[in-house]
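Coordinates in review
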Amino acid sequence: MGWDVKESGVAYFYRSERVNGKPTKIYVGRGRKGAEAEQQDRERRLQQQRDRQHWEAILFQSERATLDTAELASLVTLLHRAILINAGYYLHKGHEWRKRRAV
């Protein structure tokens, strides 16, 4: 949440947390204690941002590897079919490879 300045001009630091599913202001302190809490919150947010970027990079790499694997699988299937056709096989009823008989 951050700093809250009262009518007297004194600033107090509050954190916003959820208690039983409802957002609640929790008093942390003022002066040095409030500044330290603010710095901790800032560092925590930066670490969360770094973690999020790290996992997004891993997810991107994983998706890229999945696409590359799918492309490789289709090329292997195409090569497999070409080898079988070249060896004299054909697809019987679209799902079973059979050798052509010499007439």
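A brief structural summary. All figures in this text were calculated on a predicted structure; none of them were measured in a lab.

**Regarding the environment of Asp41**
By the secondary structure assignment, Asp41 is in helix α1 (residues 31–86). Overall, the relative accessible area of 7% leaves Asp41 in the buried class. Between the C-alpha atoms of Asp41 and Asp51, which are 10 residues apart in sequence, the distance is 15 Å. What Asp41 contacts, discounting residues up to four positions off in sequence, is Phe13 and Arg15.

**Focus on the sheet that holds strand β1 (residues 2–5)**
With antiparallel pairing, the three strands of this open sheet are ordered in space as β1-β2-β3. At either margin of the open sheet sits one strand with a lone partner, and together these are β1 and β3 (22–29). The average angle at which neighbouring strand axes cross in this sheet is 45°, direction not considered. One ladder, built from seven bridges, connects strand β2 (residues 11–19) with β3; its direction is antiparallel. Paired with Glu17 across the strands is Thr24, a residue of β3. Against the sheet, α1 touches β1, β2 and β3, its axis set at about 45° to β2.

**Brief notes about the packing of aromatic side chains**
By the definition in use, this model includes three aromatic pairs. Between Tyr12 and Tyr27, the aromatic rings sit 6.0 Å apart at their centres with planes inclined by 55°, giving tilted as the arrangement. With Tyr12 in strand β2 and Tyr27 in strand β3, the pair connects residues that are 15 residues apart, well separated along the chain. Summarising the aromatic geometry, the rings of Tyr14 and Tyr27 are spaced 5.7 Å apart at their centres and angled 70° between planes, so their arrangement reads as edge-to-face. One end of the pair, Tyr14, is in strand β2; the other, Tyr27, is in strand β3, and 13 residues separate them in sequence. Looking at Tyr27, the relative accessible area reads 47%, which means it is partly exposed.

**A short note on α1**
With 56 residues, α1 extends 82 Å between its outermost C-alpha atoms, agreeing within 8% with the 82 Å of an ideal straight helix rising 1.5 Å per residue. The complete set of buried residues in α1 reads Gly34, Ala37, Asp41 and Leu84.

**Describing the environment of Ala11**
You can see Ala11 is positioned in strand β2. On the basis of relative accessibility, which here comes to 27%, the residue Ala11 falls in the partly exposed class. Sequence-wise, Ala11 and Gly31 are 20 residues apart; in three dimensions their C-alpha atoms are separated by 7.8 Å. Setting aside chain neighbours within four positions, we find Ala11 in contact with Trp3, Asp4, Val5 and Arg30.

Conventions used here
Residues numbered from 1 in each chain as written. Predicted model: local features only at pLDDT ≥ 70, side-chain atom pairs only at ≥ 80, totals over all residues. Heavy atoms only, no water. Helix = DSSP H or I, 4+ residues; strand = E, 2+ residues; numbered from the N terminus. Buried < 20%, exposed > 50% of the residue type's maximum accessible area, 1.4 Å probe, protein only. Contact = heavy atoms within 4.5 Å. Pairing = 2+ DSSP bridges. Axes fitted to C-alpha atoms, helices over the stretch in contact; angles between N-to-C directions. Phe/Tyr/Trp six-rings, centres within 6.5 Å; stacked < 30°, edge-to-face > 60°. Expected span 1.5 Å × (residues − 1).

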